[in-house]
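Next come the chains, spelled out residue by residue.
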Amino acid sequence: MKQQVLVLGGAGYIGSHTVYALVESGYDVIVADNLETGYRQAVHPKASFYRGDIRDRDFLDDLLSRSDVGAVIHFAANSLVGESMTNPLKYYDNNVNGTRILLQSLVAHDVKRIVFSSTAATYGEPERVPILESDPTHPTNTYGETKLSMEKMFRWTEVAHGVRYVSLRYFNASGAHESGRIGEAHNPETHLVPLVLQAALGKRPKVDIYGDDYDTPDGTCIRDYIHVCDLAQAHILAMEYLLKGSPSDIFNLGNGNGFSVKEVIRAAERVVGRPIPNEIAPRRAGDPAQLVASSEKIRRVLGWNPQRTDIDGIVASAWAWHQAHPDGFGGE
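To keep things clear, this report deals only with the structure shown in the data block.

Basis of the calculations
Residues numbered from 1 in each chain as written. Predicted model: local features only at pLDDT ≥ 70, side-chain atom pairs only at ≥ 80, totals over all residues. Heavy atoms only, no water. Helix = DSSP H or I, 4+ residues; strand = E, 2+ residues; numbered from the N terminus. Rg over C-alpha atoms; globule rule 2.2 N^0.38 Å. Contact = heavy atoms within 4.5 Å. Areas by Shrake-Rupley, 256 points an atom, 1.4 Å probe, with all protein chains shown as cover. Pairing = 2+ DSSP bridges. Axes fitted to C-alpha atoms, helices over the stretch in contact; angles between N-to-C directions. Buried < 20%, exposed > 50% of the residue type's maximum accessible area, 1.4 Å probe, protein only. Core = buried A, V, L, I, M, F, W, Y, C linked by side-chain atoms within 4.5 Å. Phe/Tyr/Trp six-rings, centres within 6.5 Å; stacked < 30°, edge-to-face > 60°. Lys NZ or Arg CZ within 6 Å of the ring centre and 35° of its normal. Salt bridge = Lys/Arg side-chain N within 4 Å of Asp/Glu carboxyl O.

## Some remarks on the overall build of the protein chain
When helices and strands are counted, the protein chain shows ten helices and 13 strands. In terms of overall dimensions, the protein chain is globule-like: its C-alpha atoms have a radius of gyration of 19 Å, near the 20 Å expected for 332 residues. On the principal axes, the C-alpha backbone points of the protein chain span a range of 55 × 45 × 40 Å. Considering only residue pairs separated by 6 or more positions, the protein chain has 78% of its internal contacts joining residues 24 or more positions apart. With the model as given, the accessible surface of the protein chain reaches about 13600 Å², and the carbon-plus-sulfur share is 47%.

## Topic: the sheet that holds strand β2 (residues 28–33)
Sheet strands pair by backbone hydrogen bonding; their relative direction is either parallel or antiparallel. Spatially, seven strands are ordered β3-β2-β1-β4-β5-β6-β10 in an open sheet, and the strand pairing comes out parallel. Bordering the open sheet on either side are β3 (48–51) and β10 (249–253), each of which pairs with just one other strand. Each neighbouring strand pair of the sheet contributes to a mean axis angle of 20 degrees, computed without reference to strand direction. Note: strand β4 (residues 69–74) against strand β5 (residues 113–119), three bridges, orientation parallel. Counterpart to Ile73 in the pairing with β5 is Val115. Of the strands in this sheet, β4, β5, β6 (164–170) and β10 are in contact with helix α5 (residues 142–161), which crosses β5 at around 160 degrees.

## Let's talk about the pairing of strand β9 (residues 222–227)
The element β9 is largely enclosed, with a buried count of six among its six residues. Burial along β9 is two-sided: the residues Ile222, Asp224 and Ile226 and Arg223, Tyr225 and His227 are all buried. Note that β9 and strand β11 (residues 258–260) share three bridges and pair antiparallel. Residue pairing across strands places Arg223 opposite Phe259, the latter belonging to β11. Of the pairings in the sheet, the one linking β9 to strand β13 (residues 290–291) comprises two bridges and is parallel in character. When the bridges of β13 are listed, Ile222 appears paired with Gln290.

## Some remarks on the nonpolar core
Nonpolar side chains in soluble globular proteins tend to end up buried together. Core analysis: the largest hydrophobic core is formed by 40 residues, its most contacted members being Ile14, Leu22, Val29, Leu168, Met239, Leu253 and Ile298. Within the residue set of this core, elements represented by two or more residues are β1 (4–8), α1 (13–24), β2, β4, β6, α7 (228–243), β10 and α9 (296–302). Non-local contacts of Leu22, meaning those with residues more than four positions away in its chain, are made with Val5, Val7, Tyr27, Val29, Ile73, Ile236 and Met239.

## Side note on the packing of aromatic side chains
If you walk through the whole model with that rule in mind, you get five aromatic pairs. Aromatic side chains Tyr39 and Phe329 sit 5.0 Å apart centroid to centroid with 35 degrees between the ring planes, which places their arrangement in the tilted category. Linking Tyr39 in the loop between β2 and β3 with Phe329 in the segment after α10 (311–324), this pair joins segments that are 290 residues apart in sequence. The exposure class of Tyr39 is partly exposed, given its relative accessible area of 22%. Overall, the relative accessible area of 4% leaves Phe329 in the buried class. Between Phe154 and Tyr165, the aromatic rings sit 5.8 Å apart at their centres with planes inclined by 25 degrees, giving stacked as the arrangement. With Phe154 in helix α5 and Tyr165 in strand β6, this pair connects stretches of sequence that are eleven residues apart. Residue classification places Tyr165 among the buried positions, given a relative accessible area of 6%. Ring pairing ties together the aromatic residues Tyr39, Trp321 and Phe329, which thus form one cluster. One residue, Arg283, lies across the ring of Tyr214, its end atom 3.8 Å from the ring centre. The ring of Phe251 carries the charged tip of Lys297 above its face, separated from the ring centre by 5.1 Å.

## Topic: the pattern of salt bridges
Inspection of every chain in the model, using the stated rule, returns 17 salt bridges. In this structure, the salt-bridge partner of Arg169 is Glu151, at a minimum N-O distance of 2.7 Å. Placement of Arg169 in strand β6 and of Glu151 in helix α5 is noted, with a sequence separation of 18 residues between them. The buried category is assigned to Arg169, whose relative accessible area is 4%. Between Glu296 and Arg300 there is a salt bridge whose closest N-O contact spans 2.9 Å. Separated by four residues within a single helix, Glu296 and Arg300 lie in helix α9, roughly one turn from each other. Glu296 gets classed as partly exposed once you look at its relative accessible area, which sits at 43%. Of the residues examined, Arg300 reaches a relative accessible area of 56% and is grouped as exposed. Sharing partners across several salt bridges, the network here consists of Glu36, Glu83 and Lys90.

This is the structure in structure tokens:
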């Protein structure tokens, strides 16, 4: 058995897929999740599971004192852009304060390696596309601001205590595990691909397109869609990079190709074989027109090579999950 790894938020969408990849790679995995947005059913049966919150120092101290954790992968955070704009203090409490308490516990237990789930929202409205890691960070929403604050907290904690980190700024996670056992299930759902597929299943009457007057070819927002299993592999590469003693760093995670909202809807229509009802709605606060990553650095430094870059294929894997689980994990 390889290194013992603690995955915080490992019952959530990206966290659960990363846990599957870690188990499949032979790691001894511990999952901690408060199940606010995650699902116990999504946790790999070979992973140890503990229900608890990163804001609970006693919970973290107890878990770390009873384990031999060599690295942490940190997904535990609130992540709804819209909600972050209407309830910013919730995001500062869970994301920033939670990470502060987590780092205090890691320092106390001499755990020196952490991979952090960050976001493209740290950049805000980009000055150029594709976005480089060295580009300015000016978040346009509270969610991105809290993630940027967390990155800065890691940097200063390394200076003071030697905790090395990799921050992965990723773009739009999508798709589902090829086994069909886990996929994307949020309540409420805010991500485009599952919203489109729920409309295809008749679970919602239509898909809202938030704004068609952006400065993009078809007027709708452009995003960089990356398959969740490719994301999971990047987290393992980042962790192994730290385990080898490599220095802290920040990497973008994306395909380098952007697709507009309308292009994603058309891809879904090709996959499901029928039209999907949609309607133009007002813009949402804090939505940049275009977010597309340069992934040159992570390919060069970590050797990451995404395997599932075709938008139709990404949507098809999500469609297989949604067809088998029309009510998400609630139907199990």
